[in-house]
Structure formats: structure tokens, C-alpha cells
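# Secondary and tertiary structure notes
Here is how the chains run, residue by residue.
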Amino acid sequence: MKPAGVVRKVDQLGRIVLPKSLRKRYQMNEGDPVEILVQGDHIILERYRPKCVFCGSMDAVSEFKERHICAQCMTEMNHIPRHA
Ligand SMILES: [Zn+2]
């Protein structure tokens, strides 16, 4: 991790404005979901990408009944034997 060369103050509501240059560089647009991660004393912001509920993959994830599932797990599910 390296400093981005920016110091911002937290406002009364706990908000921090991300500099436009960083938003542009990391393609964060208005309304985009951002996930807040913590690591030791660090707070990390990451563009939110849904993960598969079964394997945690972020590749080819689609939504089904408000859950996220990847293409691989979807294929595997289609091969589960059905009991009548
Ligand atoms: Zn999966």
C-alpha cells in the first residue's frame, strides 16, 4: 500500500470525499457500490463486485433469487442427480 498523496477530513456524518482523480483512475462513478474492507489498522475501499455464494468466485456471476452464482457452479448444479 502507498499513500495517494491526499489528506481529507471526515465530516460530521463520517463522510469523506474521494478526489476526482482517484475516482477517475479507479472508475468509481456516482451510485457505484463500494465495499469497505479492513486489514489491521487499515480501511480499504474496493469497487464492489458480487461473489458466488458457493465458491466465492467473481467471474461470470449472475443473480438468481437475490443470490449470486457463478457460471461454473450453475453448470455443476445442472448435473446434480435429481431424486424423484
Ligand atoms: Zn461458484
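Residues numbered from 1 in each chain as written. Predicted model: local features only at pLDDT ≥ 70, side-chain atom pairs only at ≥ 80, totals over all residues. Heavy atoms only, no water.

Scanning the protein from N- to C-terminus turns up 2 helices and 4 strands. Written out in order from the N terminus, the α and β elements of the protein read α-β-β-β-β-α. With the C-alpha coordinates of the protein rotated into their principal frame, the extents come out at 60 × 30 × 25 Å. Scored against the burial criterion, the 84 residues of the protein give a buried share of 10%. (Helix = DSSP H or I, 4+ residues; strand = E, 2+ residues; numbered from the N terminus. Buried < 20%, exposed > 50% of the residue type's maximum accessible area, 1.4 Å probe, protein only.)

On to the pairing of strand 2 (residues 42-47), then. Across 6 bridges, the pairing between strand 1 (residues 34-39) and strand 2 is antiparallel. Residue pairing in the sheet places E35 in a bridge with E46 of strand 2. Where strand 1 hands over to strand 2, the hairpin turn is made up of 2 residues, of which G40 adopts a positive phi near 60°. (Pairing = 2+ DSSP bridges.)

Each assigned domain of the protein is listed with its residue range as follows: domain 1 (1-48) and domain 2 (49-84). Its C-alpha centre places domain 1 at a distance of 30 Å from the equivalent point of domain 2. (Domains from an automatic or database assignment.)

Mapped onto the elements of the fold, S57 is located in the loop between strand 2 and strand 3 (61-64). Expressed as a C-alpha distance, the spacing of S57 and P33, which sit 24 residues apart in the sequence, is 18 Å. Setting aside chain neighbours within four positions, we find S57 in contact with P50, K51, C52 and C70. Here the side chain of S57 touches D59 through a polar contact of 3.0 Å, landing on its backbone nitrogen. (Contact = heavy atoms within 4.5 Å. Polar contact = N/O pair within 3.5 Å; in protein donor to acceptor, adjacent residues only side chain to side chain.)

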